[in-house]
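A closer look at the structure
These are the residues of each chain, in order.
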Amino acid sequence: MNRYNPSELEPKWQKIWDEQKTYEVEANPERPKSYVNAMFPYPSGAGLHVGHVRNYSITDAIARYERAKGKNVLSTMGWDAFGLPAENYAIKTGVPPAQNTLENIANFKKQLKRLGVSYDWSRELNTTDPSYYKWTQWLFLKLFENGLAYQKESQQWWCPICKTVLANEQVINGGYCWRHEDTQVEKKWLKQWFFKITDYADELLEGIEDLAWPAKIKSMQTNWIGKSQGALMRFAVKDSVNHIEVFTTRPDTLFGATFLVLAPEHQLVSQLTTDSEKLKVESYVKEAQLKSDVDRMNESRDKTGVATGAYAINPATNQPIPIWIADYVLMGYGTGAIMAVPAHDQRDNEFARNFDLPIVTVVEPSFGVSKSDETYKSSMFIVLRNPSDNTAVVLDWGPRQERTGGYMLIGGAAEEGEDYIAAAIREITEETGYTNISFVSETDYDGHAFFYSNTKNKNIHAVGKGLLFDLISDEKVETNLDDGEKDKFVVTWQPIENIAAMLDDGVHEAVFRTLALGECYHGEGVMKNSGIYDGLLSSDVREKLVADLTEKSVAEETTNYRMRDWLISRQRYWGAPIPIIHCEKDGAVAVPDDQLPVILPDIKNYEPKGDGKSVLAHEPDWYNVECPKCGGTAVRETDTLDGYVCSTWYLFRFADANNTEQAWDPAKANYWAPLDYYCGGDHAVAHLLYIRFWTRFFKNIGLLDFDEPIKRLIYNGYINASDGRKMSKSLGNVVDPLDLINQGYGADALRVYELFIGPYEQDAAWDPKGITGSYRFLNRAWTLTQEFLSSEDTQGEPNSQINTVTHKAIKRVSEDLERQSFNTAIAALMEFVNELYKQKTSGFGDKGAWQFALTSLAQMLQPFAPHISEEIWQQLAHQGFVHQELWPTWDDNYLITDTITIVVQVNGKLRARLELAADISEDKVIEAAKQDERVNVYLISEPKKVIYVPGKLVNFVV
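Overview of the structure. (Residues numbered from 1 in each chain as written. Predicted model: local features only at pLDDT ≥ 70, side-chain atom pairs only at ≥ 80, totals over all residues. Heavy atoms only, no water.)

1. Looking at the sheet that holds strand E38 (residues 909–917)
Strand-to-strand pairing in sheets goes through backbone hydrogen bonds, with the strands running parallel or antiparallel. Inclusion rule: Paired strands, in this sense, are two strands between which DSSP finds at least two bridges. Working definition: helices are DSSP H or I runs of at least four residues, strands are E runs of at least two. Numbering for both runs from the N terminus. With axes taken as lines fitted to C-alpha atoms, and helix axes fitted only over the stretch in contact, angles between N-to-C directions fall between 0 and 180 degrees.
Strand order in the open sheet made by the four strands is E38-E37-E40-E39, with mixed pairing throughout. The open sheet has two edge strands, E38 and strand E39 (945–949), and neither has a second partner. With direction set aside, neighbouring strand axes in the sheet form an average angle of 20 degrees. By the bridge criterion, five bridges tie E39 to strand E40 (residues 953–957) in an arrangement that is antiparallel. Across the sheet, residue lysine 945 finds its bridge partner in E40, namely valine 957.

Laid out in structure tokens, this is it:
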């Protein structure tokens, strides 16, 4: 009997696929297509590790399954090869970036071919190839022609040792270079090129809702664009002709603005600062400029700042308020100035408390709709906390029915003339029985709750304080409630961190957040301390106040965006040259199309000169040229393009990769794209947002006929090292896939393990022993096939059970692959093999049933383990390749049963499968799942949530 030997059969099939160009495809409008691609990799010197393999295994599994469904499948590979690593390596070793890049690509390609991925290698791309970046430059010029590419001065981080600009993420530890941790960086003003992505902000935002992308990615893109409807307020500066513009989404809180805060970089800082504060301000500004935006926006750090000595006039109160400078305000959002409302903004609140600045409440929380029969103005919303275990009391009123159900704080009303604290103690004792308690604090606002009270049979408007008490000991007395009222709620102690999300009443939640979590109130409510607007709802005041101030020319409605234009120029060598020529007479002039590409010249010295320019600025033979417009003396742009520019359009180039006449033929791009599946685990915002921007632009100029580039985004989690840390060559915890393949496990076992390790969207830690289980599974499938092929049993009885387990497996694997649940699909295949081994005890006499079972096994296994599947397929005397045979279909007649299979998960991970009666109730399914020993070990406490899909799945969230 042949033994399973991946070291022989995998190279065999890889050679066949290469020689026969198996995966090369052409556009064919007569066939349904599927375009499946992974995100462009950067070919670093470290090569691929097993963390990368997960991404490519996912992509290939989808591509192979789509082919088996009869689709014309395009799956490709290329190299995002411009960038700093190759340039830094050249500076260090003298090896030219072009040479180093080609060596790295060769290593990556070798690794990918050993994995058996089904790419059309005839379409391979390399962004550093002039035949590719010619079209990157051409597309840049299209943006330039349409006013979407422009140049302006911008501040950038600068490292005096590297002698180059740094990205924000390369500035660490509050202002030091990532490569020279003892070197402080500084900021320089440099002329930079930008793409005007903000022109497409609304389109990009509106398109997010309809994307079939993970919710977290859509949320990140929405937040990155950061559209805000609000008002632009103008604060006059006292004793000055200047005024300060502030953007706010909450103009209704203007009466609570007790100071202004400017970003350290704000253009008015030097003009406004008084002589007495000048030295302190200059020192603070210099210190702030050494911090990255990420550091400055860190919510957990202490708020710092300095007063300018100047005052502004609040346009609502006409009162002077101090002007401060603080680094938590950035020039990149809004106007670089904020009106600080410390009663209703957490950052402003922390700042005000640090510097003893006024805090004025102008919005009181409210919940419900006003339809009151009676108002209780001495109401109380009470938090009873146990400091010893960080819990607090929550009253469970049962299923919510309007205001009477759900979770609430202790509440009540003070009697006429009764002290608040005494009344609260009485309510606590009446409702909980606790007597040994201590008053801690109260809110500086009243809460307004509108509800119908079942106990009083009337509509109520409760107005009152929130009060915080601590439990000293658990001494209790019998609660002083009648039996009817006592039975309406249950006193529970809940962890402090869980309670805010549990509370069903907005006022109760606001009070709890203020007293127990130290948060200020930032929601809607009833106005106070706001002059003529007192007593109105804040949502109504917002529009009215802006209208009133607009008449006085101190406010106007406006829309703001967090997103800024895309900075695309780099003062580095290893990048595509920007195709612009600067002429004293004609300004920035586009390089003519017939002079593209602008070739990146070979140079000897890659070390930056320290002047804020690329080394290309020191190559006069290259940059001195004639102006294409007037023929006069001119110079080339010496900045190069950010690598993201090259990777923003490659998905369309793959559709027509070898076209020398245009970036792509629109007919071919419109056939293949949009992508049906785009797979990756990085670039949640930047790359994905940029490609959506460019796709819309391409449609506008007639290069495409669609405006969204990606139908389905498969965003996978990481495979981390076995110690839980990210795999990194510097940490010494990288696992090379070729080491595992060469040890005899083979690529198929590695691919199966990577997809079986857990749901693809979740991170997982590498288990060095895990691949052995995948290898054993494949070996069992192989051995079963060999035993069947060598069997001489021809007298066996027909075995309908084989057909039953086969059709059952086809259904399960097919459904799992349709929803990209690779781990459960592989689990189903493992169970299928186990079931076939059980049936083997009856012999292989039913040749037809066994041939169908093993043929189906090869077909279903091929998306995960293509090499062994091809070999088994051939051994079973089939023609062609296994992926070219249509995917097997199941017959429901074989699935008729009195039982159902329930998949049981804990936190989304498969823990058990239960065979239960087909007519079993939901409660009994959940109880059976809880009692299963494979599940019970994970249920240390009651699950936070139970998800039940009738007849299919139970998922316990713990």
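2. Considerations on the packing of helix H23 (residues 746–756) against helix H24 (residues 770–790)
Quick note on the threshold: Helix crossings are classified by the rotation of the near helix relative to the far one: an anticlockwise turn of less than a right angle makes the crossing left-handed, while a clockwise turn makes it right-handed. Whether two residues are in contact is decided by their heavy atoms, any of which lying within 4.5 Å being enough. Under the grouping applied here, Gly and all other residues not named as nonpolar or charged are polar, the nonpolar ones being Ala, Val, Leu, Ile, Met, Phe, Trp, Tyr, Cys and Pro and the charged ones Asp, Glu, Lys and Arg.
For the pair H23 and H24, interaxial distance at closest approach is 8 Å and the crossing angle is 115 degrees. The element H23 and its partner H24 pack so that their crossing is right-handed. Residues Asp748, Ala749, Leu750, Val752 and Tyr753 of H23 touch H24, and the partners they reach there are Gly770, Ile771, Ser774, Tyr775, Phe777 and Leu778. For the contact of H23 with H24, the class distribution of residues is eight nonpolar, two polar and one charged.

3. Structural notes on unusual backbone geometry
Formally: Summary of the burial criterion: residues with accessible area below 20% of their type's maximum are buried, those above 50% are exposed, and those between are partly exposed, where the area comes from a 1.4 Å probe applied to protein chains only.
Residue proline 597 is reached from leucine 596 by a cis peptide bond, and omega for that bond is 0 degrees. Along the chain, proline 597 falls in the loop between strand E29 (587–590) and helix H17 (620–623). Its identity is not glycine, yet glutamine 820 carries a phi of approximately 55 degrees, on the positive side. Relative to the helices and strands, glutamine 820 resides in the loop between helix H25 (800–818) and helix H26 (822–840). The exposure class of glutamine 820 is buried, given its relative accessible area of 3%.

4. Some details on the packing of H23 against H26
What counts here: Should an angle fall under 35 degrees it is taken as roughly parallel, and over 145 as roughly antiparallel, whereas 65 to 115 is taken as roughly perpendicular and any remaining angle as oblique.
Across the interface, H23 lies against H26 with an axial gap of 7 Å and an inter-helix angle of 120 degrees. The pairing of H23 with H26 is recorded here as oblique in orientation. Between H23 and H26, the contacting residues are Val752, Leu755 and Phe756 on the first element and Phe822, Asn823, Ile826, Ala827 and Met830 on the second. Of the residues contributing to the contact of H23 with H26, the split by class is seven nonpolar, one polar and no charged.

5. Regarding the sheet that holds strand E2 (residues 72–74)
Ordered by their spatial adjacency, four strands build an open sheet running E2-E1-E33-E34, and the pairing between neighbours is parallel. Sheet topology places E2 and strand E34 (713–715) at the edges, where each strand pairs with a single neighbour. Sheet twist, expressed as the average angle between the axes of neighbouring strands with direction ignored, equals 15 degrees. As judged from the three bridges shared by strand E1 (residues 33–38) and E2, these two strands associate in the parallel manner. Looking at the pairing, tyrosine 35 lines up with leucine 74 of E2.

6. Observations concerning the side chain of asparagine 100
Along the chain, the position of asparagine 100 falls in helix H4 (residues 97–115). Given a relative accessible area of 7%, asparagine 100 falls into the buried group. Among all residues touching asparagine 100, those that are not within four sequence positions of it are Ala86, Tyr89 and Val95.

So, to be careful, I would describe these as geometric facts and stop short of saying anything about function.
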